[in-house]
Amino acid sequence: LFVGQRMNDQVLEELHAAGFTGLRHSHGYVFQHLLGGARSISELAKLLGVTQQAASKSVAELESLGYVEKTEAGDARVRQVALSARGLASVEKSQALRSALQKRFERQHGEGPLQEARTLLAGMLVSLGGEDAVRRRRVRQPR
């Protein structure tokens, strides 16, 4: 938990330094559901486990920061949003930062021990019944 939190903090700090300002940890939960394409606010609310009002507030914040944008839907009554070019660029930068951390850990600790740790943690996640939520990007924000 503490290692993951510190990694997330460091990635967020580096994202801000790279010009992706305004992002918060909670925004990642919205991003994970937009990686596959546009979604309506009601879909996002359901996936995030929050009210439509809360989802709409997060989307409005991300839209004002330039990370998401409204998209055309077949029904004018349904508001859909998708990651903007800036949002996609922030995801790519985040992935690059995490990859760099992975390489750093491999240099410091060796590939074998890191793979053993990943295998152990993945097995523990399976034992606790959480692998499906991770695989399907259905991990909910801590409350």
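Everything quoted here is computed from the prediction, not taken from an experiment.

Enquirer: I'd like a rundown of the sheet that holds strand E1 (residues 39-40), residues and numbers included.
Expert: What the three strands build is an open sheet, ordered E1-E3-E2; its pairing is antiparallel. Edge positions in the sheet fall to E1 and strand E2 (68-71), since each of these pairs with one other strand and no more. Of the strands in this sheet, E1, E2 and strand E3 (80-83) touch helix H2 (residues 27-34), which is tilted by about 100° from E3.

Enquirer: Quick rundown of the environment of Glu69? Include the residues and the values.
Expert: Looking at the secondary structure, you find Glu69 in strand E2. With relative accessibility at 39%, the residue Glu69 sits in the partly exposed group. Sequence-wise, Glu69 and Ala38 are 31 residues apart; in three dimensions their C-alpha atoms are separated by 9.3 Å. Excluding residues within four positions of it along the chain, Glu69 makes contact with Gln80, Val81, Ala82, Leu83 and Ser84.

Enquirer: Pulling in residues and values, what's your account of the pairing of E3?
Expert: On E3, burial covers both faces: Gln80 and Ala82 on one face and Val81 and Leu83 on the other are all buried. The sheet contact formed by E1 and E3 spans two bridges and is antiparallel. Bridging from a neighbouring strand, Ser40 pairs with Gln80 of E3. In this sheet, E3 lies alongside E2 in antiparallel orientation, the contact comprising four bridges. In the strand pairing of E3, Glu69 is matched with Ala82.

Enquirer: So what about the pattern of salt bridges? Which residues, and what values?
Expert: Evaluated as defined, the whole model comprises three salt bridges. Its salt-bridge partner being Glu61, residue Arg24 comes within 2.4 Å of it at the nearest N-O pair. Placement of Arg24 in the loop between helix H1 (2-17) and H2 and of Glu61 in helix H4 (residues 52-65) is noted, with a sequence separation of 37 residues between them. What makes Arg24 partly exposed here is its relative accessible area of 41%. The exposure class assigned to Glu61 is partly exposed, which follows from its relative accessible area of 27%. Of the charged contacts, one joins Glu43 and Arg39 as a salt bridge, the two residues approaching to 3.8 Å between their closest N and O atoms. What makes Glu43 partly exposed here is its relative accessible area of 33%. Relative accessible area serves as the criterion here: at 22%, Arg39 is assigned to the partly exposed category.

Enquirer: So what about the confidence of the model for the protein? Which residues, and what values?
Expert: The predicted model of the protein averages 93 in pLDDT, with 99% of residues at 70 or higher. Helix H5 (residues 85-109) holds the highest mean pLDDT among the elements of the protein, 97, whereas helix H7 (residues 131-135) holds the lowest, 86.

Conventions used here
Residues numbered from 1 in each chain as written. Predicted model: local features only at pLDDT ≥ 70, side-chain atom pairs only at ≥ 80, totals over all residues. Heavy atoms only, no water. Pairing = 2+ DSSP bridges. Helix = DSSP H or I, 4+ residues; strand = E, 2+ residues; numbered from the N terminus. Contact = heavy atoms within 4.5 Å. Axes fitted to C-alpha atoms, helices over the stretch in contact; angles between N-to-C directions. Buried < 20%, exposed > 50% of the residue type's maximum accessible area, 1.4 Å probe, protein only. Salt bridge = Lys/Arg side-chain N within 4 Å of Asp/Glu carboxyl O. pLDDT = per-residue confidence, 0-100.

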